[in-house]
Amino acid sequence: MSPSSKRIAAVYDQVLARNPGEAEFHQAVKEVFDSLDRVLTRFPEYAEESILERICEPERQIIFRVPWTDDHGRVRINRGFRVQFNSALGPYKGGLRFDPSVMLGTVKFLGFEQIFKNALTGLPIGGGKGGSDFDPKGRSDGEIMRFCQSFMTEAYRHIGSSVDVPAGDIGVGAREIGYLFGQYKRIANRYEAGVITGKGTSWGGSLVRTEATGYGAVFFTEHMLKANGRGLDGARVLVSGSGNVAFYAIEKIHALGGLVIGASDSSGAVHDPQGIDLDVLREVKQVQRARISEYAQQRDSAEFIGGRSVWSVAEKHRVDVAMPCATQNELDDDDAKLLLKAGVSAVVEGANMPTTPAAIDRLRDAGTLFGPGKAANAGGVATSALEMQQNSIRDSWSFEYTEARLAEIMENIHARCAGTAEDYGVPRDYVAGANIAGFTQVADAMIAQGVI
Ligand code: GLU
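No experiment lies behind these values; they were computed from the predicted model shown.

J.: Where do I start with the packing of helix H10 (residues 244-255) against helix H11 (residues 278-287) in this structure?
T.: Any two packed helices are characterised by how steeply their axes cross, that is the angle between the axes, and by the distance between the axes. The N-to-C vectors of H10 and H11 enclose an angle of 175°; their axes lie 11 Å apart at closest approach. Between H10 and H11, the interaxial angle falls into the category roughly antiparallel. Where H10 approaches H11, its residues Phe247, Ile250 and Glu251 are matched on the opposing element by Leu278, Leu281, Arg282 and Gln286. By residue class, the composition of the contact of H10 with H11 is four nonpolar, one polar and two charged.

Spelled out as structure tokens, the structure:
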């Protein structure tokens, strides 16, 4: 073991001991640490300055009670979180996730990823994340509003356009952002547009923000494929999920000539050899808020595969590209085996940490191009940062201009990851490229700002 890898292993043991039971956080830390051996060997000052230890400890963690009243007059209690992980590059920036699975370890894994993702955008944003174990499924608008108001009644003390800027994530979309912003404005008595992103476009939101994560992931995929002599034109693609990220990824893949033959939700998947019809998907998931089986009911060419993931489509059909766009650890080693048999040549993460470590190892060993989420899905937060820019100058940009900015940012992220991987002797390794490029930028800023 080299001195660098010994140091990394020791710090990782410390992370395990100090953060018991936070498996997802451990996984996210390990994935970054696994890329850093060469970095510490080249730049011993990162170890001398204890950057690894410092970067794994959030600057601040806020946990609070969120009481609210349901439609039957019963008082309910949820737990709220905001983890302000790292402000070396700018105000904390990252979404809020409302899902019953959310625990402190979930928010910490997401916040940790966000530090490096935000660095890769090249924009001045630090890393943070928040959320609650509140389950929005089946709740009325009134219940959602009361929950959001209660959440913000505590959260407003800790956020601000130069302090910490939340946004959406799973379970938090335009409706929730509206209620959260309204309550912030009411308590703070100021119209501070830049305090939250993902706002409605008529009241301070940015065009393209809704589409940005999905579009950005597809731009990244196209660059990655082009750099390796291919492209999305004619590619057969599986996209997991049917939420915001998946939806706009599908739209852009079709615009670039690819064919998405499968999508999914937590109840199962659909296989549609004619290509997913976005009008039908929109009607089912966004208007009716129904299960994905309804898509197969409404579309002759589609079949529903109940209780299975979208990767099961690869059992019988050729797949060129897979894009997990649902949630963490949704593509495991068995799925990776299936995809490899089906001929997959690229896997790109639209969600945060959707591929298990064993699956990533298998795909990389097989020579599959792998685009990690912290690079590939950075388009969402990058466009949030563009929203902050527009709010600062009290302006709003056209769709075309904003999309062009997003496209340029994704091109730069791709180039930075590819270039860094090359520089460190691991060409085509986008995981190493993303981790090293993000880490070194944040580490340098931390050293410059002293022991704080
Ligand atoms: N939740 C998104 C992410 O995972 C977006 C965060 C933001 O826009 O601040 O990057």
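There is more to say, and it comes next.
J.: Where do I start with the environment of Asp34 in this structure?
T.: With respect to the helices, strands and loops of the structure, Asp34 is situated in the loop between helix H2 (23-33) and helix H3 (37-42). Take Asp34: its relative accessible area is 54%, and that puts it in the exposed class. Sequence separation between Asp34 and Lys374 is 340 residues, and the spatial gap between their C-alpha atoms is 15 Å.

J.: Just to check I follow, could you spell out the UniProt feature "active site" (unreviewed entry) in the chain for this structure?
T.: Here the UniProt feature "active site" (unreviewed entry) sits at Lys129. Not counting the four nearest positions on each side in its chain, Lys129 is found in contact with Arg82, Val83, Gly95, Val107, Leu110, Gly111, Gln114, Asp169 and Asn352.

J.: What should I look at first to understand the site of the ligand in this one?
T.: Around the ligand sit 14 residues, and of these Lys93, Lys117, Gly168, Asp169 and Ser384 come closest. The contact in question runs from a nitrogen atom of the ligand to an N or O atom on the backbone of Gly168, over 2.9 Å. Here an oxygen atom of the ligand and a side-chain polar atom of Ser384 are 2.5 Å apart. Relative to its unbound accessible surface of 290 Å², the ligand loses 94% to contact with the protein.

J.: Even after reading the chapter, I still don't get the nonpolar core, so can you show me in this structure?
T.: Generally speaking, nonpolar side chains in soluble globular proteins are found buried as a group. Membership of the largest hydrophobic core comes to 59 residues, with the highest contact counts inside it found for Phe220, Val239, Tyr295, Met323 and Ile413. Ranked by the residues each element gives to this core, the list is headed by helix H9 (residues 209-227), at eight residues. Those residues in contact with Tyr295, other than ones at most four positions away along the chain, are Val270, Asp272, Gly275, Ile276, Asp277, Val280, Leu281, Val284 and Ala302. Core analysis: the next-biggest nonpolar cluster, separate from the first, contains 43 residues, Leu52, Val102, Ala432 and Met446 among them.

J.: Help me understand the packing of aromatic side chains, please; the structure alone is not making it clear to me.
T.: For any pair of aromatic rings, the description consists of the separation of the ring centres together with the inter-plane angle of the planes. Taken as a whole and judged by the stated rule, the model has 22 aromatic pairs. Sitting over the ring of Tyr215, Lys252 keeps its end group 4.3 Å from the ring centre.

J.: Please explain unusual backbone geometry as it appears in this structure.
T.: Peptide bonds are, in most cases, trans, and in most cases residues other than glycine have a negative phi. Not every positive phi belongs to a glycine, and Val208 is a case in point at roughly 80°. Of note, Val208 is situated in the loop between helix H8 (174-188) and H9. The exposure class of Val208 is buried, given its relative accessible area of 2%. We note that Met353 has phi near 55°; this positive angle belongs to a residue other than glycine. With respect to the secondary-structure elements, Met353 resides in the loop between strand S12 (346-348) and helix H14 (357-365).

J.: Explanation requested: H10 in the structure shown.
T.: Given 3.6 residues per turn, any residue in an α-helix points the same way as the ones three and four places further on. Its 12 residues give H10 an end-to-end C-alpha distance of 17 Å, which sits within 8% of 16 Å, the value for a rise of 1.5 Å per residue. Considered for burial, the residues of H10 that qualify are Val245, Ala246, Phe247, Tyr248, Ala249, Ile250, Lys252 and Ile253. Against H9, strand S7 (236-240), strand S8 (259-265), H11, strand S11 (321-324) and helix H17 (399-423) lie the buried residues of H10. Phi for Gly257, located one or two positions after H10, is positive at around 95°.

J.: Please clarify how the state of the cysteines should be interpreted in this entry.
T.: Any covalent bond linking the sulfur atoms of two cysteines counts as a disulfide. As enumerated under the stated definition, the model contains zero disulfides in all. Free of any disulfide, Cys325 has its nearest cysteine sulfur in Cys417, 17 Å distant.

J.: What exactly am I supposed to notice about the side chain of Lys374 here?
T.: With respect to the secondary-structure elements, Lys374 resides in helix H15 (residues 373-376). A polar atom in the side chain of Lys374 sits 2.8 Å from the side chain of Asn435. If we skip the residues at most four places from it in the chain, Lys374 touches Glu31, Val32, Glu113, Phe116, Lys117, Leu120, Ala434 and Asn435.

J.: Any chance you could explain the pairing of S7 here in plain terms?
T.: It is a general feature of regular strands that their side chains alternate between the two faces of the sheet. Burial of S7 is extensive: four of the five residues sit out of reach of the surface. Taking the sense of rotation as the criterion, the β-α-β connection linking S7, H10 and S8 turns out right-handed.

J.: How should I be thinking about the pattern of salt bridges in this particular structure?
T.: Charged atoms that come close allow side chains of opposite charge to pair. In total, this model carries 29 salt bridges according to the counting rule given. Note that Arg97 is salt-bridged to Asp169, the shortest N-O span being 2.7 Å. Here Arg97 is found in strand S4 (residues 96-98), whereas its partner Asp169 is found in the loop between strand S6 (164-165) and H8, with 72 residues between them in sequence. With a relative accessible area of 3%, Arg97 lands in the buried category. For Glu154, the salt bridge goes to Arg157, with nearest N and O atoms at 3.1 Å. A residue is classified by how much of its surface remains accessible, and Glu154, at 21% relative accessible area, is partly exposed. Among the charged side chains, a salt-bridge network with shared partners connects Glu31, Glu113 and Lys374.

J.: Just to check I follow, could you spell out the sheet that holds S8 for this structure?
T.: The strands making up a sheet associate through hydrogen bonds between their backbones, and the pairing can be parallel or antiparallel. Pairing is mixed across the open sheet formed by seven strands, whose spatial order is S10-S9-S8-S7-S11-S12-S13. At either margin of the open sheet sits one strand with a lone partner, and together these are strand S10 (303-306) and strand S13 (369-371). Looking at each pair of strands side by side, their axes are set apart by 15° on average, direction ignored. Here strand S9 (residues 268-271) pairs with S10 via four bridges, running antiparallel. Within S10, the residue paired with His271 across the bridge is Glu303. Across the sheet, H9 is in contact with S11, S12 and S13; its angle to S12 comes to roughly 150°.

J.: I keep staring at H9 and nothing clicks. Help me out?
T.: Counted at 1.5 Å a residue, the expected span for H9 with its 19 residues is 27 Å, and the 27 Å between its end C-alpha atoms agrees. Its maximal kink placed at Tyr215, H9 deviates by approximately 30°. Most of H9 is tucked away, with 15 of its 19 residues classed as buried. Once H9 ends, the next one or two residues include Gly229, with phi positive near 80°.

Cut-offs and rules
- Residues numbered from 1 in each chain as written.
- Predicted model: local features only at pLDDT ≥ 70, side-chain atom pairs only at ≥ 80, totals over all residues.
- Heavy atoms only, no water.
- Axes fitted to C-alpha atoms, helices over the stretch in contact; angles between N-to-C directions.
- Helix = DSSP H or I, 4+ residues; strand = E, 2+ residues; numbered from the N terminus.
- Parallel < 35°, antiparallel > 145°, perpendicular 65-115°, else oblique.
- Contact = heavy atoms within 4.5 Å.
- Nonpolar A, V, L, I, M, F, W, Y, C, P; charged D, E, K, R; others polar.
- Buried < 20%, exposed > 50% of the residue type's maximum accessible area, 1.4 Å probe, protein only.
- UniProt positions renumbered as here; feature names shortened; annotations may be inferred.
- Near = heavy atom within 4 Å.
- Polar contact = N/O pair within 3.5 Å; in protein donor to acceptor, adjacent residues only side chain to side chain.
- Areas by Shrake-Rupley, 256 points an atom, 1.4 Å probe, with all protein chains shown as cover.
- Core = buried A, V, L, I, M, F, W, Y, C linked by side-chain atoms within 4.5 Å.
- Phe/Tyr/Trp six-rings, centres within 6.5 Å; stacked < 30°, edge-to-face > 60°.
- Lys NZ or Arg CZ within 6 Å of the ring centre and 35° of its normal.
- Expected span 1.5 Å × (residues − 1).
- Disulfide = S-S within 2.5 Å.
- Right-handed = clockwise from strand over helix to strand, strands pointing away.
- Salt bridge = Lys/Arg side-chain N within 4 Å of Asp/Glu carboxyl O.
- Pairing = 2+ DSSP bridges.
- Bend = angle between axes of the 7 residues up to and from the residue.

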